[in-house]
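Structure at a glance
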Amino acid sequence: MSRQKIAAGNWKMNTTLDEGIELVNNLIAAEKDKSVLTILAVPFTHLVTLDKKIKSKGKLKLAAQNCHHKNSGAFTGEISPSMLAAINIPYVIIGHSERRQFNFEDNQLLKGKVRAALDAGLKVIFCCGEDLEVRKTNKHILHVKIQLEESLFSLDVKEIKNVIIAYEPIWAIGTGETATPAQAQEMHNSIRRMISRQYNKRVGEAINIVYGGSVKASNAKEIFSQPDVDGGLVGGASLDAKEFIEIINSFPPES
Ligand code: PEP
């Protein structure tokens, strides 16, 4: 199975519904590389309306930015994976560093969320990555290994195929600082080898690993040309249609 080229936008807590509709209209109208799977992680309030807009628009898909680890119950303010599946949302982001930081989500909780999401039939975009302190002490690969072991590696071979891994060094998110293409490649290759060791080489070769952290139109080409980078998870730059379209169109031509 060959890997997908993926451009995922994470809108975070940005855009009113009307602004979201305008952004999607611009994306639909644009000339885009048709081989790229484009995923928009939008606020919960936008999902139903935007889903109607993008229906049958081929490789444009929606994601939620989070979900709960239970399917129902007394959890005021939460959204469950089965609620997302019931409105046909295909993807959910789990483990974004902002949720780890501001909502105290740890590897164990995230393991439960991944399990609940996959059981509900969703595909997971699982975020991992180190902060600056860990990077400075050169423990970044070990740090990510532990994140994957604790949250993902109880999945079986069939289940892990429904996971996209997003490597997002925290020091590069929203900071304007980007990992160098070599730093991204080093981590992506390490993750691929970890997956190969845990499952098998075929699974390791097939899993999609995207990079996140200040991806912009000006740096996407270089990052996406790394052999183990299958695309990007893009925050700020995904809120500007023109910029995001340029990012979508930044993949190297198929060889
Ligand atoms: C993100 O939110 O996942 C992200 C990578 O943000 P930014 O592109 O703004 O750094």
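For the structure given in this document, a descriptive report is provided here.

About the cut-offs
- Residues numbered from 1 in each chain as written.
- Predicted model: local features only at pLDDT ≥ 70, side-chain atom pairs only at ≥ 80, totals over all residues.
- Heavy atoms only, no water.
- Disulfide = S-S within 2.5 Å.
- Buried < 20%, exposed > 50% of the residue type's maximum accessible area, 1.4 Å probe, protein only.
- Core = buried A, V, L, I, M, F, W, Y, C linked by side-chain atoms within 4.5 Å.
- Contact = heavy atoms within 4.5 Å.
- Helix = DSSP H or I, 4+ residues; strand = E, 2+ residues; numbered from the N terminus.
- Polar contact = N/O pair within 3.5 Å; in protein donor to acceptor, adjacent residues only side chain to side chain.
- Pairing = 2+ DSSP bridges.
- Axes fitted to C-alpha atoms, helices over the stretch in contact; angles between N-to-C directions.
- Right-handed = clockwise from strand over helix to strand, strands pointing away.
- Near = heavy atom within 4 Å.
- Nonpolar A, V, L, I, M, F, W, Y, C, P; charged D, E, K, R; others polar.

So, the state of the cysteines
Applying the stated rule across the entire model yields zero disulfides. Unpaired in this structure, C67 has its nearest cysteine sulfur neighbour in C127, at a distance of 12 Å. Among the residues examined, C67 registers a relative accessible area of 1% and is labelled buried. With no disulfide of its own, C127 lies 7.5 Å from the sulfur of C128, the closest cysteine sulfur.

Focus on the nonpolar core
F126, L148, L152, I165 and I191 are the most contacted members of the largest nonpolar core, which totals 65 residues. Once residues lying within four places of it in the same chain are set aside, the contact partners of L152 are V114, F126, Q147, I160, V163, I165 and Y199.

What to know about unusual backbone geometry
The backbone phi angle of K12 is positive, close to 50°, even though this residue is not glycine. Of note, K12 is situated in the loop between β1 (5-10) and α1 (17-29).

As for the side chain of R135
You can see R135 is positioned in helix α6 (residues 132-136). Within the structure, the side chain of R135 is placed 2.9 Å from the side chain of E130, a separation counted as a polar contact. Polar contacts involving the side chain of R135 include one to the side chain of H140, which spans 3.4 Å. Not counting residues within four places of it along the chain, the set of residues in contact with R135 comprises E130, H140, Y167, W171, Q183 and E186.

With respect to the sheet that holds strand β8 (residues 231-234)
In space, the eight strands of this closed barrel follow the order β1-β2-β3-β4-β5-β6-β7-β8, with parallel pairing throughout. Shown here is a sheet whose adjacent strand axes are inclined to one another by a mean of 25°, direction ignored. For strand β2 (residues 36-41) and strand β3 (residues 60-64), the ladder comprises four bridges, and the chain directions are parallel. In the sheet register, A41 faces β3, and the bridge partner there is A63. Strands in contact with helix α7 (residues 140-151) are β5 (123-128) and β6 (163-167); relative to β5, the strand with the most contacts, it is inclined by about 145°.

Some details on the pairing of strand β4 (residues 91-94)
By the alternation rule, side chains of β4 split into Y91 and I93 and V92 and I94, which are all buried. Note that β3 and β4 share two bridges and pair parallel. Bridged to A63 within β4 is Y91. Crossover connection from β3 via helix α3 (residues 81-86) to parallel β4: handedness right-handed. Alignment of β4 against β5, held across four bridges, turns out to be parallel.

Let's talk about the pairing of strand β7 (residues 209-212)
Neither face of β7 is open: one carries I209 and Y211, the other V210 and G212, and all of them are buried. The pairing of β6 with β7 spans three bridges and is classified as parallel. By the bridge assignment for β7, A166 is matched with V210. Looking at chain direction, β7 and β8 are connected through two bridges and run parallel. Bridging from a neighbouring strand, G212 pairs with L233 of β8.

Some points on the site of the ligand
Taken together, 14 residues form the shell around the ligand, and within it K12, E168, G174, S214 and G235 come nearest. Between the ligand and the protein, one listed contact pairs an oxygen atom with a side-chain N or O atom of E168 at 2.7 Å. One of the backbone N or O atoms of G236 is found 2.9 Å from an oxygen atom in the ligand. Looking at the shell around the ligand residue by residue, the class counts come to four nonpolar, eight polar and two charged.

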